[in-house]
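Tertiary structure, described
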Amino acid sequence: MVVVLVGFMGAGKTTVGHIMAERLGLPFVDSDVLIEQRQGREIREIFRIEGEPYFRQLEHETVAGLVRGPDAVIALGGGAAEDPRTRAVLRHARVVYLRVGYDEAMTRVKSDEFRPMLHRPDLDEVYQRRLPAYEDLSGLTVDTDGRRPDAIALEVLAQLTRRPETSPVNRVAASLAAEDTQACLRELDRLASRIGLAEIRLDLMRAFDLPELVTKSPVPLILTCRPERERGGFTGPEAERLAILRSAYDHGCAYIDVEAGCLDLVTGWGGGSPTRVIGSQHWFDRMPSRLLGTYRELRDRCAVVKLVGTAKSAADVLPVLGLLQDASTPVIAMAMGGPGTCTRILAPAFPQAVLTYGAATPAAATAPGQLTVDEMTDRYALHLVTPATRVYLHVTRPDEALPAQQRAEPGAELHVPLRAEDPAALAARLRKTLPFTIA
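Quick look at the structure, then.

Rules used in this analysis
Residues numbered from 1 in each chain as written. Predicted model: local features only at pLDDT ≥ 70, side-chain atom pairs only at ≥ 80, totals over all residues. Heavy atoms only, no water. Pairing = 2+ DSSP bridges. Helix = DSSP H or I, 4+ residues; strand = E, 2+ residues; numbered from the N terminus. Axes fitted to C-alpha atoms, helices over the stretch in contact; angles between N-to-C directions. Contact = heavy atoms within 4.5 Å. Buried < 20%, exposed > 50% of the residue type's maximum accessible area, 1.4 Å probe, protein only. Core = buried A, V, L, I, M, F, W, Y, C linked by side-chain atoms within 4.5 Å. Salt bridge = Lys/Arg side-chain N within 4 Å of Asp/Glu carboxyl O.

1. Examining the sheet that holds strand E4 (residues 94-99)
Strand order in the open sheet formed by five strands is E2-E3-E1-E4-E5, and the pairing between neighbours is parallel. Taken across any chain shown, the strands that pair with only one partner, and hence form the sheet edges, are strand E2 (28-30) and strand E5 (140-143). Between one strand axis and the next, the sheet turns by 20° as a mean value, whatever way the strands run. Sheet topology places E4 next to E5; four bridges connect them, and they run parallel. Paired with Arg99 across the strands is Asp143, a residue of E5. Sitting on the sheet, helix H2 (residues 31-39) touches E2 and strand E3 (72-75), and the angle it makes with E2 is about 70°. Sheet strands touched by helix H7 (residues 123-137): strand E1 (2-6), E4 and E5. Its angle to E4, the strand with the most contacts, is close to 140°.

As structure tokens, then:
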């Protein structure tokens with residue numbers, strides 16, 4: 001559990017955080033204190049000598065490391081939530097907003113000479129400006145005015161632990177490219193009992209109504225509009241394409257899928273939308289040998305990193321499986337092409353994998369090597385597969401995978417074939433990196 005406390009100065013983040021950490025048996029980290037310890041000087045000195053942009057970069061790097069690190073209760077400086085890079089990182093944590101009124105905050109901190117912000121003449125404007133950022137990030141908001149820190153901490157802990165256990169998440173996502181809105185909704189209704197999400201390829205639709213799609217869909221939607229340069233169907237001006245994605249964002253779909261090269265153009269989108277951004281990159285002619293480096297470059301700029309290459313041989317699945325194994329934040333990774341089909345089946349067994357894509361019908365596949373939703377659920381029970389599922393990757397005897405899967409309890413075991421030219425050598429490499437049984 002990584003719990004991050006945000007709020008304006010005087011909200012009680014440090015005091016409440018210490019109480020929570022003690023009760024949870026976790027370490028407490030104040031990001032401002034950690035920066036001072038690493039820099040060997042006070043934050044007000046960093047502000048005075050290097051300026052605020054330099055400090056915000058330090059703060060972003062520090063927060064990113066804390067969120068990806070071990071379980072802890074973390075208190076952030078009051079201005080951290082204003083940085084869009086830091087906000088993107090915080091999408092991956094349990095964020096608690098400790099809300100404090102301006103007058104109450106000033107009463108609590110007015111005698112603290114170590115707060116350089118107190119000398120700003122526009123401090124009340126800064127307070128008002130930051131409120132939407134706190135609200136946008138928070139999964140839980142607790143009022144602190146006139147309350148004791150221990151009472152606040154107990155309420156936060158009660159809210160965090162009161163939430164009911166959830167059933168296993170269905171990570172099967174249908175990838176759809178229907179003709180129009182009504183056809184798309186009919187297909188979603190047909191598939192709803194088998195899928196957890198759906199990707200809608202707006203660039204391949206003749207016409208669409210975004211508000212109707214989002215409000216009437218029976219499952220959360222991922223909306224994307226891929227341009228021709230990314231082998232998509234959108235041929236209009238780039239500004240028009242981005243306007244479509246912005247409209248999807250503003251209407252509150254679950255995710256928008258944005259090409260990695262366009263992430264900077266959507267970073268500043270706000271407005272309190274619950275929509276999260278998937279930053280995607282595709283290689284249609286090859287499989288890069290090191291996907292992990294690209295993932296690390298993107299993970300702090302979006303909520304989910306999506307990396308897709310093309311597998312021309314069985315060995316080309318290794319970078320994808322390595323990324324799925326080593327990712328520390330939500331990720332979508334797969335190998336297109338026949339040799340890469342196993343990555344689509346295995347994805348739900350990895351903790352950080354958000355989803356795996358399936359086609360609505362054999363004729364409606366949107367990428368090579370894609371299985372249908374029916375195959376994913378009827379043959380492999382992927383809607384029931386979780387990281388707790390026992391996985392058997394059949395490399396040396398791939399023909400044994402399907403019979404074994406038919407005998408297995410759905411969701412308890414997953415048997416996946418992988419055909420290779422040199423199965424013994426590939427099996428040896430897989431055993432070094434994956435926690436699965438390699439048969």
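Now that the structure is up, let's keep going.
2. Section: unusual backbone geometry
Its identity is not glycine, yet Arg231 carries a phi of approximately 60°, on the positive side. Its place among the elements puts Arg231 in the loop between strand E8 (221-224) and helix H11 (238-250). Backbone geometry at Ala381 places phi at a positive 50°, although glycine is not the residue there. Here Ala381 lies in the loop between helix H16 (373-379) and strand E14 (390-394). Ala381 sits in the buried class, given a relative accessible area of 6%.

3. What about the sheet that holds strand E11 (residues 304-310)?
The strand order across the open sheet formed by eight strands is E12-E11-E10-E9-E8-E7-E6-E13, and the pairing between neighbours is parallel. The sheet terminates laterally at strand E12 (331-336) and strand E13 (356-359), the two strands that pair on one side only. Taken pair by pair, the neighbouring strands of this sheet meet at an average axis angle of 25°, ignoring direction. Here five bridges tie strand E9 (residues 255-259) to strand E10 (residues 276-282), and the two strands are oriented parallel to one another. Among the inter-strand pairings, Val258 is bridged to a residue of E10, identified as Gly279.

4. Describing the nonpolar core
Of all hydrophobic cores here, the largest spans 83 residues; its most connected members are Ile200, Leu202, Leu223, Leu323, Leu393, Leu418 and Leu430. The contact partners of Leu323, leaving out residues within four places of it in the chain, are Leu291, Leu292, Tyr295, Leu307, Val331 and Ala333. Core analysis: the second largest hydrophobic core is formed by 50 residues, Phe8, Met9, Leu98 and Val109 among them.

5. A closer look at the pattern of salt bridges
Applying the stated rule across the entire model yields 30 salt bridges. Of the charged contacts in the structure, one is a salt bridge between Arg147 and Glu155, with a shortest N-O distance of 2.7 Å. Judged by its relative accessible area of 30%, Arg147 is partly exposed. Here Arg229 and Glu238 are joined by a salt bridge, their closest N and O atoms 3.1 Å apart. Residue classification places Arg229 among the exposed residues on the basis of a relative accessible area of 53%. Glu238 sits in the partly exposed class, given a relative accessible area of 26%.

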